[in-house]
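Descriptive analysis of the structure
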Amino acid sequence: MVCLDVRGIRLCGAGNCVNNSKCSCFSDRFTQNSEWSFFLEDLSAADGLPCYANEKMIRFLYLLLFIFSSLVLFQYLLTFQRRKLARRTHKYLIVILLISVGLLRFIDNSRLFQQDVLFTLLIALSYGLIGYDLSRLLEKIILFELRKVEVFHNIRNERRLRLARLWFKLTGYYDLIVPPCVLFSTVFVDRSLAGRLVKAVYGV
């Protein structure tokens, strides 16, 4: 094992490199965290990670996620209309998933993405539904603006609008299916492969 040099963070972060083999944190305020660390081929090398994670702040952020998502759900319930249920089902699911993510991580801070099956599943489903919702929102905005342009009010361009609507629908289903499957698969595949899959889907 060696002390890992992570781009953008000084060697060992808020800690010292001991015998060029592991990082020793200065205090309990900042600790090592192997979450999202796809560059680690083996979790046994996590001792070489820099001390950059403030676990108390992470728990606090997940608590905020739980609180604000609960408030949004309460607002949805106050304005609930049965005739709009079909169109808003995915929005209700997003909020419920975010509430579950925030509560689960606040209760047990050891549940990490790519290492805990349930937490990873909730994150994957959240990403998929949020991507799907954003695709639908972008579709509404663009088509609304295009319909205000006079040149689009002819038969040929109406066909183009239908093709655009089909394109947005396909991208929405892509966001709903592919990214969640990739994110959830990171629990079961090799860590380096998981990193390449995530980069391929999100272009990072």
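Here's what I pulled together on the structure shown here. (Residues numbered from 1 in each chain as written. Predicted model: local features only at pLDDT ≥ 70, side-chain atom pairs only at ≥ 80, totals over all residues. Heavy atoms only, no water.)

Check the secondary structure of the protein chain and you find five helices and two strands. For the protein chain, the sequential pattern of α-helices and β-strands runs β-β-α-α-α-α-α. Viewed in the frame of its principal axes, the protein chain has a C-alpha envelope of about 75 × 40 × 30 Å. Within the protein chain, the fraction of its 204 residues that count as buried is 32%. Taking contacts inside the protein chain between residues at least 6 apart in sequence as the whole, the part at least 24 apart equals 56%. Counting only carbon and sulfur atoms, one obtains 64% of the accessible surface of the protein chain, whose full area is about 13100 Å². Between the mean site of the 27 positive side-chain charges and the mean site of the 16 negative ones, the protein chain shows a separation of 12 Å. (Helix = DSSP H or I, 4+ residues; strand = E, 2+ residues; numbered from the N terminus. Buried < 20%, exposed > 50% of the residue type's maximum accessible area, 1.4 Å probe, protein only. Contact = heavy atoms within 4.5 Å. Areas by Shrake-Rupley, 256 points an atom, 1.4 Å probe, with all protein chains shown as cover. Lys, Arg positive; Asp, Glu negative; His and termini not counted. Charge placed at Lys NZ, Arg CZ, Asp CG, Glu CD.)

Moving on, we get to the packing of aromatic side chains. Throughout the structure, instances matching the rule amount to five aromatic pairs. An angle of 65° between the planes, with centres 6.1 Å apart, marks the rings of Tyr 62 and Phe 119 as edge-to-face. One end of the pair, Tyr 62, is in helix H1 (residues 55-78); the other, Phe 119, is in helix H3 (residues 117-147), with 57 residues separating them in the sequence. Centroid distance Phe 184 to Phe 188: 5.3 Å. Interplanar angle 80°. Geometry classified as edge-to-face. Looking at Arg 59, its charged tip hangs above the ring of Phe 106, at a distance of 4.5 Å from the centre. (Phe/Tyr/Trp six-rings, centres within 6.5 Å; stacked < 30°, edge-to-face > 60°. Lys NZ or Arg CZ within 6 Å of the ring centre and 35° of its normal.)

Evaluated as defined, the whole model comprises four salt bridges. The salt bridge involving Asp 116 is made with Arg 111; its shortest N-O contact spans 3.0 Å. On the basis of relative accessible area, Asp 116 is assigned to the buried category, the value being 16%. Residue classification places Arg 111 among the partly exposed residues on the basis of a relative accessible area of 23%. (Salt bridge = Lys/Arg side-chain N within 4 Å of Asp/Glu carboxyl O.)

A word on unusual backbone geometry. Residue Cys 12 is not a glycine yet carries a positive backbone phi of 70°. Tracing the chain through its elements places Cys 12 in the segment before strand S1 (15-18). Residue class for Cys 12 comes out buried when judged on its relative accessible area of 0%. We note that Gln 114 has phi near 75°; this positive angle belongs to a residue other than glycine. Looking at the secondary structure, you find Gln 114 in the loop between helix H2 (85-107) and H3. With a relative accessible area of 5%, Gln 114 lands in the buried category.

Taken as a whole and judged by the stated rule, the model has two disulfides. Disulfide partner of Cys 12: Cys 23, at an S-S distance of 2.1 Å. When the S-S torsion is -80°, as for the bridge of Cys 12 with Cys 23, the disulfide is left-handed. Residue Cys 12 is located in the segment before S1, and its partner Cys 23 is located in strand S2 (residues 22-25); the two are separated by eleven residues in the primary sequence. The pair Cys 12 / Cys 23 is uniform in exposure class, with both members buried. (Disulfide = S-S within 2.5 Å.)

Mapped onto the elements, Asn 109 comes out in the loop between H2 and H3. Polar side-chain contacts of Asn 109 include one of 2.7 Å to the side chain of Glu 55. At 3.1 Å, the side chain of Asn 109 forms a polar contact with the side chain of Arg 105. Residues within four places of Asn 109 in sequence aside, it is in contact with Glu 55, Ile 58 and Arg 59. (Polar contact = N/O pair within 3.5 Å; in protein donor to acceptor, adjacent residues only side chain to side chain.)

Bringing the nonpolar core into the picture now. Val 101, Phe 113 and Phe 119 are the most contacted members of the largest nonpolar core, which totals 17 residues. With five residues, H3 is the single largest residue contributor to this core. Every residue in contact with Phe 119, bar those within four places of it in the chain, is listed here: Glu 35, Tyr 62, Val 101, Leu 104, Arg 105, Arg 111, Leu 112 and Phe 113. (Core = buried A, V, L, I, M, F, W, Y, C linked by side-chain atoms within 4.5 Å.)

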